Structures are given as structure tokens and as C-alpha cells.
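# Observations on the model geometry
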Amino acid sequence: MVNLALIGTGGMARHQAEQFSKIKGCRLVAACDVDEERVRAFASKFDIPEVYTDAADLLAKADVNAVSVVTPDAYHAPITLQALAAGKHVLCEKPLATNYADARKMTAAARKAGVVNMVQFSYRNSSALTKARALIAAGKLGTITHFEASYLQSWLTSRAWGDWTVTPAWLWRQSSAHGSMGVLGDIGVHLLDFATFPIGSDYRSVNCTLKTLNFIKGKKRLGYTLDANDTAIMQVELANGAPGVLHTTRWATGHNNSISLKIHGTEGALAIDLDKNYHELSVCLGKDRHTPAWKTLRTRPGSSNFQRFITAVRRNKPVDPDFARGAAIQKVIDACFVSSRDRKPVKI
Ligand SMILES: NC(=O)c1ccc[n+]([C@@H]2O[C@H](COP(=O)([O-])OP(=O)(O)OC[C@H]3O[C@@H](n4cnc5c(N)ncnc54)[C@H](O)[C@@H]3O)[C@@H](O)[C@H]2O)c1
């Protein structure tokens, strides 16, 4: 039995609690939040017996062998390092950290502790993505020549996810003083993983432009200074030589949460659009590229990150995406900030 604690009990923790509650062999035994009222309501809703308002206290007293860190980004590194020092298996929400130095420390500490470590890149739950990786590994696309991907949200112009102007969960995401790396760190982090997991090649260089639109920049709202980037545009090159274009924004009116990817190769191409389907991809392979003709491939849903984390803990086996992958993506994010500041490409 995996005795699990959730640290941070906001919006994402609700989703996690619903998912973990359904997994056999996993028991939610403790919850922690600096907001006592919130953690008590959360614990009562999900029938969690132990409640804490301090992560160190939980780690010292609760009978847990694994924790999930679901706080705002700035607390991922300090809480994860404490959890690893206490010998706990750790699932950490993305982004793994707010800088590469911390992400490396977390990776090294997890290795030293010999525990299961996973970063929650949730789009790995798409079986279409896994299939794309298998097709590319089997050589069906030939040599990868180009790729493009985008992650579009619109909560700065839409109320679909609530009113950001009065909601702390949206306000901390716009404030660098609260540890936010803007849209790049919030959802660009997913995009960087999503685009290259199927290709299986690391980033070699990035040329990035980060933008904070002027009619928001520097404004204050409920104690949060709105200065974090809200658009990121990246021109990248991979170690295998493939060039790609990635972009993400919170200003994509008409898109609640749209993530898509196209990969082109000498022998074929594939496209994934998660707005349409998590478990379907379009392919244009072999002779079909001459027409061109596209076909739809349906894939069978696999295990979720949450299921895979619990299985890994029960077997004490490594799981992907691990902290090393989270750190590798964080290194690209750090490079994006340097590139945008210096207005030139940066090697990774
Ligand atoms: N993987 C995904 O697809 C996905 C989706 C949404 C959010 N997230 C990530 O999940 C994390 C939480 O996001 P959210 O939307 O739930 O934010 P949120 O603001 O709704 O919730 C964060 C909670 O953490 C609590 N908290 C703050 N500091 C704490 C501390 N030191 N110890 C314990 N609790 C603390 C806050 O009081 C709040 O209740 C973020 O890192 C975010 O990037 C990931």
C-alpha cells in the first residue's frame, strides 16, 4: 500500500485527489496547505485523515511513504528537497523548479535518496504522443526534418476558467516575485516536453522572445505585480539537427487549452491535436506523402502519470518523466530567458 500525502490543496490538488482516490493500492493519508481553512475543507471532501499547515511538520509526523508536491512553483524545490531528505518518493508538479540550479539539486538528491521521482508532465497521458514516439523510433517518418508545436490559452481574455483579476491561482502565475516564470514556465514547460518526447532528441539551441503585453505589464492587483511573460515564441534546434518552432500564449482568444504538434520527416509526417482527441493522431506515411494523404490512427489509452507513479513506488522502480527530464527542460527555460534578454540564440 502506498500512503500518499498531497502538499498544496488548490485547484490541481483537487484533480490529483480525484485521480489518486481511484487507484488501487494507494491511500490518501495526509494533506497540507498553508491555508488552514482550505486544507481542512479539502481533507473533509476527500476523506483524508491527517491535516497539516506546514510541510516539514507533515514530513516529520505523517505515516507516508510518498508525497505529491502541488504548491505554486516557487515551493517545489524547497519542499521536494525536504521530502527527499526524509526518504519519501516524490511526484512533483511541473515546472520541476524555477531555475536549472535547483532542478539539478533535486535530481541529484533524488538519486542519492534512491527513491522514485517523477515530474508531472500531464500530456504524457496522451496515448497519441506515445504512439508518435513509437512511430518515429521505428523509422516510419525517416529523418526528422522539422517540427512545430503550440500551446494556446486565453484566460487573460476569457472567463472560461474564472476571473483572473480576483483569483490568486491566476495572479501568482503572472508575478515573478511569487516565483512565476510566466506562460513559459507554466505551460511552455509542457510544450517543450510534448514536442520532443516523440522525437527523442534533446534541445541544442534556442532563440526566444518573451513578451509581457504593455497594457498589463507592471500593474498591481491584490498585492501581485503583473510582470511575468504572457507570450513566448521559440525557434529551436535539436541535437539531431531538426529545427522547430514553438509558441505559447495566454492571449489566444477562442482557445481554452489547446495543445498541438506536427512533426515532419523525409518519409512521413504526423500531427496531434489534443483539442480533437487525446488518443488519436493523423499520419501521412510512406507513399501517402506524394499525394499527400492523411489517415487517422486511433490508439488505446494507457496508464496515467498518477497510476504509473503509484506502480513505480510499489515496485520501487524508476519512472518517466523523472526529475532528470524535468531538469533538462528547465535548462531550456533558463536559456529562453537569457536568449530573450540578450536577443540572440543560446546554446543549451
Ligand atoms: N500538470 C498540469 O497539467 C498542471 C495543471 C495545473 C497546475 N499545475 C501545477 O500545480 C501547482 C499548483 O497549481 P494550482 O493551480 O493548484 O495552484 P493554486 O494556487 O490553486 O493552489 C496552490 C495551493 O498551494 C498552497 N500553498 C502555497 N504555499 C504552500 C506551502 N509552502 N506549503 C503548502 N501549501 C502551500 C496554496 O495555499 C494553495 O492552496 C503549480 O505548480 C502548477 O504549475 C499543473
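Everything numeric here is computed off the predicted structure, so don't read it as measured data.

## Brief notes about the sheet that holds strand β5 (residues 89-93)
The sheet built from 6 strands is open, its strands ordered β3-β2-β1-β4-β5-β6 with parallel pairing. Each edge of the open sheet carries a strand with a single partner, namely β3 (50-52) and β6 (117-120). Neighbour-to-neighbour, the strand axes of the sheet open up by a mean angle of 25°, direction not taken into account. Across 6 bridges, the pairing between strand β1 (residues 2-7) and strand β2 (residues 26-32) is parallel. By the bridge assignment, I7 is partnered in β2 with C32. Each of β1, β2 and β3 is contacted by helix α2 (residues 36-45), which is oriented at about 165° to β3, the strand it contacts most.

## Here we look at the nonpolar core
The biggest cluster of nonpolar side chains holds 75 residues, and the ones touching the most others in it are L58, V67, M234 and L270. For this core, the leading source of residues is helix α8 (residues 182-196), giving 8 residues. Counting only domains with at least three residues in this core, you end up with domain 1 (2-122 + 307-320) and domain 2 (123-302 + 330-347).

## Brief notes about the packing of helix α5 (residues 100-113) against helix α10 (residues 323-342)
One way to put it is that α5 packs onto α10 with a least axis distance of 8 Å and a crossing angle of 170°. Our classification of the angle between α5 and α10 gives roughly antiparallel. Between α5 and α10, the contacting residues are Y100, A103, R104, M106, T107, A110 and R111 on the first element and F323, A324, A327, Q330, K331 and D334 on the second. By residue class, the composition of the contact of α5 with α10 is 7 nonpolar, 2 polar and 4 charged.

## As for the site of the ligand
Residues in close proximity to the ligand total 24 residues, the closest being D33, R38, D73, S122 and W172. Side-chain polar atom of W172 to an oxygen atom of the ligand: 2.8 Å apart, as the coordinates give it. Alone, the ligand offers 850 Å² of accessible surface; in the complex the protein occludes 86% of this. Among the secondary structure elements, those contributing two or more residues to the shell around the ligand are α1 (11-21), α4 (76-85) and α8. Partitioned by chemical class, the residues of the shell around the ligand number 8 nonpolar, 9 polar and 7 charged. Composition of the shell around the ligand by domain shows at least three residues from each of domain 1 (2-122 + 307-320) and domain 2 (123-302 + 330-347).

## What about the sheet that holds strand β13 (residues 257-265)?
Ordered by their spatial adjacency, 9 strands build an open sheet running β16-β15-β14-β13-β7-β12-β11-β8-β17, and the pairing between neighbours is mixed. Looking at strand neighbours, the two that pair on one side only are β16 (295-298) and β17 (346-347), the edges of this open sheet. As paired strands, strand β14 (residues 268-273) and strand β15 (residues 280-285) are joined by 4 bridges and run antiparallel to one another. Residue pairing for β15: G268 is matched across the bridge by L285. Here α10 sits on the sheet in contact with β8 (203-211), β11 (231-238) and β17, set at roughly 55° to β8.

## So, the state of the cysteines
Enumeration over the complete set of coordinates arrives at 0 disulfides. Between C26, a free cysteine, and C92, which holds the nearest cysteine sulfur, the sulfur-to-sulfur gap is 17 Å. The exposure class assigned to C26 is buried, which follows from its relative accessible area of 11%. C208 takes part in no disulfide bond, and the closest cysteine sulfur to it belongs to C336, at a distance of 3.9 Å.

Here is what the cut-offs are and how they apply
- Residues numbered from 1 in each chain as written.
- Predicted model: local features only at pLDDT ≥ 70, side-chain atom pairs only at ≥ 80, totals over all residues.
- Heavy atoms only, no water.
- Pairing = 2+ DSSP bridges.
- Helix = DSSP H or I, 4+ residues; strand = E, 2+ residues; numbered from the N terminus.
- Axes fitted to C-alpha atoms, helices over the stretch in contact; angles between N-to-C directions.
- Contact = heavy atoms within 4.5 Å.
- Core = buried A, V, L, I, M, F, W, Y, C linked by side-chain atoms within 4.5 Å.
- Buried < 20%, exposed > 50% of the residue type's maximum accessible area, 1.4 Å probe, protein only.
- Domains from an automatic or database assignment.
- Parallel < 35°, antiparallel > 145°, perpendicular 65-115°, else oblique.
- Nonpolar A, V, L, I, M, F, W, Y, C, P; charged D, E, K, R; others polar.
- Near = heavy atom within 4 Å.
- Polar contact = N/O pair within 3.5 Å; in protein donor to acceptor, adjacent residues only side chain to side chain.
- Areas by Shrake-Rupley, 256 points an atom, 1.4 Å probe, with all protein chains shown as cover.
- Disulfide = S-S within 2.5 Å.

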